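Single-letter residue listing:
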Amino acid sequence: MLLTDLAEQLDTAAPGITGELIDQAGTCLLDALACAYGGRDLPWARQARAIAGSGDATIWATGGLRSGLTDAVFANSVACHALLHEDTHAESRVHPGTVVIPAALAIGERLRSPLPALLRAIVLGYEAIAQVSAAVLTEEFGARGWRASSVFGPFGAAAAAAHLLGLKPIAAAHALGIAASSAAGLCQWARDGTAEVFFQNAGAARAGVVAALLAGEGATGATSAVDGIFGLRQAFGGARDEAGPPDVRLDRMAISQTFFKAHPSCALTQEPIDAAIALAAQGIDPAQVVEATVHTSGVAARYPGCANATALTAPISRQMSLQFAVAAALTDGEIRPERYAGALDPGLAKLAARISVAVDPVADAAFPARRDARVTVRLTDGRVVSAESCERVQVSVIEKFRSYAEPVLGAGIDTVLRAVREPFSGTDSAELAAHLR
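These numbers were taken from a predicted model, which means no experiment stands behind them. (Residues numbered from 1 in each chain as written. Predicted model: local features only at pLDDT ≥ 70, side-chain atom pairs only at ≥ 80, totals over all residues. Heavy atoms only, no water.)

*Asks:* Please set out the overall build of the protein residue by residue, giving values where relevant.
*Replies:* The number of helices and strands found in the protein is 21 helices and six strands. Dimensions of the protein, computed from C-alpha atoms along their principal axes, come out at roughly 70 × 55 × 40 Å. On the protein, roughly 16,600 Å² of surface is accessible, and the fraction owed to carbon and sulfur atoms is 52%. If you average the places of the 35 positive and of the 44 negative side-chain charges in the protein, the two averages end up 5 Å apart. (Helix = DSSP H or I, 4+ residues; strand = E, 2+ residues; numbered from the N terminus. Areas by Shrake-Rupley, 256 points an atom, 1.4 Å probe, with all protein chains shown as cover. Lys, Arg positive; Asp, Glu negative; His and termini not counted. Charge placed at Lys NZ, Arg CZ, Asp CG, Glu CD.)

Shown next, in the form of structure tokens:
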């Protein structure tokens with residue numbers, strides 16, 4: 001059974017998690033917290049807090065608001081996802097930090113888990129998502145309208161929580177089996193421009209935590225829930241052949257393959273934005289652009305909401321659109337977050353309508369190991385100019401965290417940074433959570 005094997009492999013891997021992986025988990029934690037502070041005042045973050053009950057679990061970036069554990073997981077996950085500036089694991093097409101980190105820190109806070117244990121749990125949670133995705137993700141998965149983050153997210157939250165709860169592999173496998181039945185999340189929001197996208201990962205995080213808590217109380221779940229005849233592989237991916245076994249390897253953990261966004265928009269727009277910024281730096285006048293083409297991978301071209309040149313009224317529609325992202329970057333020489341909010345700028349709308357999306361065979365073959373993109377523009381004087389995103393933009397997560405969190409935390413930001421960057425100094429998860437006001 002895939003989930004039995006996965007639980008055993010994660011348990012075996014846990015003691016060997018290296019300092020480098022723990023450090024990467026700390027970076028992912030800071031990135032998730034940065035996004036939560038940056039997104040704290042957006043409508044969906046406020047709505048998630050509004051439905052939370054009372055309790056003793058910290059809701060971050062609220063001045064000390066506390067709720068029940070699962071409500072806090074839900075609210076914190078929504079905040080991590082609110083800006084669309086979260087981390088991404090390209091191979092699984094999941095934003096693992098929005099799911100695993102709220103789950104792990106909530107359980108860690110309750111148990112007063114040492115920070116090294118919390119960070120190991122995050123590594124394992126990211127890995128569980130990647131391993132289940134590898135067994136289920138197919139072309140049919142996307143064509144059916146499923147969203148990877150919320151389908152695979154419960155496994156990451158369950159694995160992280162199970163590790164902190166000290167569940168034996170058989171109980172952890174049951175937790176993963178229970179989590180499988182909460183796998184859900186459609187991509188229709190990308191067509192309709194609606195807000196449920198921000199709640200999907202939160203539902204996954206909450207479901208994974210509940211699954212682990214239930215398993216800890218002796219509840220059972222189908223350990224064949226991924227590869228069984230009525231499991232996720234068949235139901236979600238349409239794959240009826242036998243799934244390969246999980247392959248957890250300390251030299252290729254998913255958390256090491258996770259990247260951080262430079263721009264608060266869909267992960268698949270990041271490289272086209274960088275290419276468009278390069279064009280803007282060459283002095284391209286957007287008013288002189290007759291037409292433009294975004295050359296990218298098939299995954300980017302086909303992902304719901306990405307190839308969208310005209311339905312741009314809703315902020316989420318702009319954040320997903322390759323055409324809008326390129327139009328904004330060409331016009332401003334950067335991505336200004338306010339372009340995604342409020343009324344649609346008529347000039348950007350007209351420019352986006354002149355931009356098309358094409359699958360580049362080279363970029364398509366390289367994805368997800370490389371996320372290449374190229375933008376070509378034809379100008380009124382007949383010239384054709386292009387730029388590509390050959391080099392990855394290096395994102396400083398610490399600078400991102402300072403930018404988003406310092407207005408709230410003030411001098412306390414250094415305490416949080418020190419705790420995460422020096423996890424063996426003795427700070428526990430509850431003490432860290434107490435600083436996340």
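*Asks:* Break down the pattern of salt bridges for me, with residues and values.
*Replies:* Considering all chains together, one arrives at 22 salt bridges under this definition. Among the ionic pairs, Arg144 bridges to Glu140, the shortest N-O distance being 2.5 Å. Note that Glu271 is salt-bridged to Arg371, the shortest N-O span being 3.4 Å. Of this pair, Glu271 sits in helix 13 (residues 270-281) while Arg371 sits in the loop between helix 18 (361-366) and strand 5 (374-379), and the two are 100 residues apart along the sequence. Residue Glu271 shares its accessibility class with Arg371, and that shared class is buried. (Salt bridge = Lys/Arg side-chain N within 4 Å of Asp/Glu carboxyl O. Buried < 20%, exposed > 50% of the residue type's maximum accessible area, 1.4 Å probe, protein only.)

*Asks:* Run through the domain arrangement of the protein, naming residues and quoting values.
*Replies:* We note that the domain assignment places domain 1 (2-260) and domain 2 (267-388) within the protein. Inter-centroid distance (C-alpha atoms) of domain 1 to domain 2 is 30 Å. Contact with domain 1, which involves 17 residues of that partner, is made by 14 residues of domain 2. With both chains or domains summed, domain 1 and domain 2 bury close to 1,300 Å², and 69% of this area falls on carbon and sulfur atoms. The residue Glu139 makes a salt bridge to Arg302 at a minimum N-O spacing of 3.7 Å. Of all elements in the fold, only helix 10 (189-192) and helix 11 (197-216) reach the threshold of two or more residues within the side of domain 1 that touches domain 2. Counted by class, the side of domain 1 that touches domain 2 contains nine nonpolar, four polar and four charged residues. (Domains from an automatic or database assignment. Contact = heavy atoms within 4.5 Å. Buried area = accessible area lost by both parts, 1.4 Å probe. Nonpolar A, V, L, I, M, F, W, Y, C, P; charged D, E, K, R; others polar.)

*Asks:* If you had to explain the side chain of Gln200 to someone new, which residues and values would you point to?
*Replies:* Along the polypeptide, Gln200 turns up in helix 11. In this structure Gln200 touches Arg147, Ser150, Gly185, Leu186 and Trp189, once residues within four positions along its chain are discounted.

*Asks:* Mind laying out helix 2 (residues 19-38), listing which residues take part and the relevant values?
*Replies:* For helix 2, which comprises 20 residues, the first-to-last C-alpha distance of 29 Å matches the rise-based estimate of 28 Å (1.5 Å per residue) to within 8%. Burial of helix 2 is extensive: 16 of the 20 residues sit out of reach of the surface. (Expected span 1.5 Å × (residues − 1).)

*Asks:* Residues and numbers for the side chain of Ser321, please.
*Replies:* Along the chain, Ser321 falls in the loop between helix 15 (315-320) and helix 16 (322-332). According to the relative accessible area criterion, Ser321 is buried, its value standing at 0%. Among the polar contacts listed, one links the side chain of Ser321 to the backbone oxygen of Asn308, at a separation of 2.5 Å. Leave out the neighbours within four places in its chain, and Ser321 touches Thr269, Gly305, Cys306, Asn308 and Leu312. (Polar contact = N/O pair within 3.5 Å; in protein donor to acceptor, adjacent residues only side chain to side chain.)

*Asks:* An account of the packing of helix 8 (residues 148-165) against helix 9 (residues 169-180) is requested, with residue identities and associated values reported.
*Replies:* At a minimum axis separation of 9 Å, helix 8 and helix 9 run at an interaxial angle of 155°. Our classification of the angle between helix 8 and helix 9 gives roughly antiparallel. Helix-helix and strand crossings are classified by hand; for helix 8 and helix 9 the assignment is right-handed. Contact with helix 8, carried on its side by Pro154, Phe155, Ala158, Ala159 and Ala162, involves Ala172, Ala175, Leu176, Ala179 and Ala180 of helix 9 and no other residues of that element. Looking at side-chain class alone, the contact of helix 8 with helix 9 contains 10 nonpolar, no polar and no charged residues. (Axes fitted to C-alpha atoms, helices over the stretch in contact; angles between N-to-C directions. Parallel < 35°, antiparallel > 145°, perpendicular 65-115°, else oblique. Left-handed = near helix turned anticlockwise from the far one by under 90°.)

*Asks:* Now, about the UniProt feature "domain: MmgE/PrpD N-terminal" (unreviewed entry) in the protein: what can you tell me, with residues and values included?
*Replies:* With numbering aligned to this structure, UniProt lists the feature "domain: MmgE/PrpD N-terminal" (unreviewed entry) at residues 17-239. Within the segment residues 17-239, helix and strand shares are 63% and 2% respectively, and the terminal C-alpha atoms sit 32 Å apart. (UniProt positions renumbered as here; feature names shortened; annotations may be inferred.)

*Asks:* Describe in detail the nonpolar core, supporting the description with residues and values.
*Replies:* Counting 99 residues, the largest nonpolar core has Leu3, Trp60, Ile122, Val136, Phe152, Ile255 and Phe401 as its most contacted members. Ranked by residue count, the leading element in this core is helix 6 (residues 115-136), at 14 residues. Among residues more than four places away in sequence, those in contact with Ile255 are Leu21, Gln24, Ala25, Cys28, Ile122, Val123 and Tyr126. Counting 30 residues, the second largest nonpolar core, distinct from the first, contains Ala75, Val78, Phe198 and Met320. (Core = buried A, V, L, I, M, F, W, Y, C linked by side-chain atoms within 4.5 Å.)

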